[in-house]
Each structure stands twice: as C-alpha cells, then as structure tokens.
Amino acid sequence: MTPSDSTPITTEQLARYFDHTLLKPEATAADVATLITEADDLWAYSVCVSPSMLPLELPQGSSLKIAVVCGFPSGKHHSSIKAAEAALSVEQGADEVDMVIDIGAAKAGAFDRVEADIAAVRAVIPAPRILKVIIESAALTDDEIVSACLAAQNAGADFVKTSTGFHPSGGATVHAVRLMAETVGARLGVKASGGIRSYDDAVAMIEAGATRLGVSSSRQVLSGAPATGDGGY
C-alpha cells in the first residue's frame with residue numbers, strides 16, 4: 001500500500017502504519033494509559049513504550065500490538081543484558097521488540113559484532129514476535145547503513161529502523177529510508193522513526209519504502225490527511 005499523487009493515502013490507511021510512541025523518560029503509567037486510548041481511537045497498528053511500563057492493559061477487543069524498546073537509547077549495553085531485557089518484555093506481553101545496535105561497533109566497521117548483538121536478542125524472541133533493529137541512520141555513512149542493514153538481515157531480524165529519536169545527529173530522512181529499503185528489499189520491513197511530525201513527512205517516508213512509522217504526534221500527523229468524507233480524526 002503506497003500512496004500516489006492521484007490517490008492520496010487516507011487517515012485510515014496511514015494510521016495502520018503507526019507505532020504510536022511514548023518513550024519520554026518522565027512518562028507515567030497514566031501517560032501510557034492515555035497513549036493506549038488514543039492509539040485505539042486512531043486505529044494505530046501498535047503502541048511503543050519503554051520496557052518498565054509493561055505489562056499493559058489494552059481495551060477489550062483491541063487489535064493493538066505492543067512494541068517495546070531494548071538497549072534504548074544508546075545501544076551500549078552488553079548483548080546478554082539486551083537479550084535479558086527482550087526476554088522479560090516478551091514474557092510481559094510484548095509482541096515486538098525494537099532494539100538499538102552498538103553504534104560504536106558500526107562506526108568501527110565491526111559488523112560481525114553488530115550481527116552477533118542482534119542475533120543474541122533474536123534468539124530470545126520466538127516467532128511470531130517481531131524484532132526491529134534500530135541502526136541510528138543519521139549517525140552512519142551510507143556504506144555503514146547498508147552494512148548495518150545486512151547485519152540485521154543475517155541475524156534474522158524482521159525490520160530495520162532508522163532512529164531512536166534521541167540521537168543528536170537527527171532522525172529519519174527520506175534518503176536513509178530509501179537506501180535501507182533498497183538494501184533489504186522485500187526481505188525485511190523498514191521502520192522510519194524520529195522527526196515525523198506531519199502528513200507530508202509520513203507520506204514521504206512511505207513513498208521512500210517505509211512499511212512502518214514510529215510517531216509520537218499521531219493525531220497531528222493524521223490531521224493533515226485529505227478529507228475522506230467521514231470527518232477524519
């Protein structure tokens with residue numbers, strides 16, 4: 001499902017790309033409850049939260065998935081710690097885990113270490129649970145982005161993801177998303193995250209190849225969609 005100039009993507013279609021996200025360190029249980037209510041109301045695909053917020057209570061009959069971050073936001077955790085965090089998250093109800101790679105290892109060209117780090121987490125997340133790998137694309141060169149994506153693919157990941165949204169180098173870019181999508185093809189999903197604040201931002205990422213979007217201001221993004229005759233959101 002990719003939008004075009006002749007057929008704009010609707011609010012309903014766009015919302016299904018969304019991991020509705022709250023990762024602020026000061027987030028409270030009440031904040032997460034509000035996040036869940038809003039995500040359910042908007043028909044988002046999932047909510048994405050910090051692991052300490054688990055387990056979550058979803059509305060009865062909700063189709064929402066639960067995503068949780070791992071090794072966040074620096075990625076500079078021992079692989080065994082990332083694996084333990086991921087395993088506990090799955091035990092507490094997570095459907096998806098978004099792990100951060102060791103960015104320093106990628107910058108040093110040690111992609112064997114990057115792959116081993118990802119594989120350690122993959123080993124404790126049995127299918128059909130989803131593993132997304134955050135590569136912090138804004139901190140990497142194009143060659144490093146390609147190598148990080150291939151490491152994720154080799155380690156059995158389901159998605160590669162641009163950013164934590166916390167790195168000073170920035171978040172998702174159309175260029176990085178396109179490069180990531182070209183690298184993994186249809187083998188992995190591509191999640192664009194970090195700095196997506198408008199309908200146009202979201203559509204640009206999808207057109208570049210993103211199959212999932214990490215968004216914290218989901219209602220604001222959806223408000224920019226063309227009217228569909230149902231009043232929108």
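So, here's what we can say about the structure. (Residues numbered from 1 in each chain as written. Predicted model: local features only at pLDDT ≥ 70, side-chain atom pairs only at ≥ 80, totals over all residues. Heavy atoms only, no water.)

1. Description of the packing of helix α5 (residues 111–122) against helix α6 (residues 142–154)
And step 1. The contact between α5 and α6 brings their axes to 8 Å, and the two run at 40 degrees. As summarised for this structure, α5 and α6 are arranged oblique, according to the angle between their axes. Viewed along their axes, α5 and α6 form a crossing whose handedness is right-handed. In this structure, α5 contributes Phe111, Val114, Glu115 and Ile118 to the contact, and α6 contributes Glu144, Ser147, Ala148, Ala151, Ala152 and Asn154.
And step 2. Residues belonging to the contact of α5 with α6 are distributed by class as follows: six nonpolar, two polar and two charged. (Axes fitted to C-alpha atoms, helices over the stretch in contact; angles between N-to-C directions. Helix = DSSP H or I, 4+ residues; strand = E, 2+ residues; numbered from the N terminus. Parallel < 35°, antiparallel > 145°, perpendicular 65-115°, else oblique. Left-handed = near helix turned anticlockwise from the far one by under 90°. Contact = heavy atoms within 4.5 Å. Nonpolar A, V, L, I, M, F, W, Y, C, P; charged D, E, K, R; others polar.)

2. Focus: unusual backbone geometry
And step 1. Cis geometry marks the peptide bond from Leu54 to Pro55, where omega comes out at -5 degrees.
And step 2. With respect to the helices and strands, the residue Pro55 is situated in the loop between β2 (46–49) and β3 (65–70).
And step 3. Each neighbour pair has its own omega, and for Phe72 with Pro73 the value is -5 degrees, a cis peptide bond.
And step 4. Topologically, Pro73 is positioned in the loop between β3 and α3 (79–91).
And step 5. A positive phi angle is found at Trp43, which is not glycine, with a value near 65 degrees.
And step 6. Assignment of secondary structure puts Trp43 in the loop between α2 (29–42) and β2.
And step 7. Exposure remark for Trp43: the relative accessible area of 53% places this residue in the exposed category.
And step 8. Look at Glu136: it is not a glycine, yet its phi comes out positive at around 55 degrees. (Buried < 20%, exposed > 50% of the residue type's maximum accessible area, 1.4 Å probe, protein only.)

3. Regarding the state of the cysteines
And step 1. Applying the stated rule across the entire model yields zero disulfides.
And step 2. Considering cysteine sulfurs only, Cys70 is the nearest to Cys48, which forms no disulfide, with 11 Å between them. (Disulfide = S-S within 2.5 Å.)

4. As for the pairing of strand β8 (residues 212–215)
And step 1. Residue alternation in β8 divides its side chains into two sets, Arg212 and Gly214 and Leu213 and Val215, and both sets are buried.
And step 2. Looking at chain direction, strand β7 (residues 189–193) and β8 are connected through three bridges and run parallel. Residue pairing for β8: Ala192 is matched across the bridge by Leu213.
And step 3. Considered for its hand, the β-α-β crossover made up of β7, helix α8 (residues 199–208) and β8 is right-handed. (Pairing = 2+ DSSP bridges. Right-handed = clockwise from strand over helix to strand, strands pointing away.)

5. A word on the pattern of salt bridges
And step 1. Across all of its chains, the model carries 15 salt bridges by this definition.
And step 2. Notably, a salt bridge pairs Asp41 with Arg219, separated by 3.2 Å at the nearest N-O pair. Highlighted residues: Asp41 in helix α2 and Arg219 in helix α9 (residues 218–222), separated in sequence by 178 residues.
And step 3. Assessed through its relative accessible area of 31%, Arg219 is described here as partly exposed.
And step 4. A salt bridge links Asp102 to Arg113; the shortest N-O distance between them is 3.7 Å. With a gap of eleven residues between them, Asp102 in the loop between β4 (96–100) and α4 (103–107) and Arg113 in helix α5 connect regions that are remote in the sequence.
And step 5. Since its relative accessible area comes to 16%, Asp102 is described here as buried.
And step 6. Residue class for Arg113 comes out partly exposed when judged on its relative accessible area of 47%.
And step 7. Connected through salt bridges with shared partners, the residues Asp19, Glu96, Asp98, Lys132, Lys161, Lys191 and Arg212 form a single ionic network. (Salt bridge = Lys/Arg side-chain N within 4 Å of Asp/Glu carboxyl O.)

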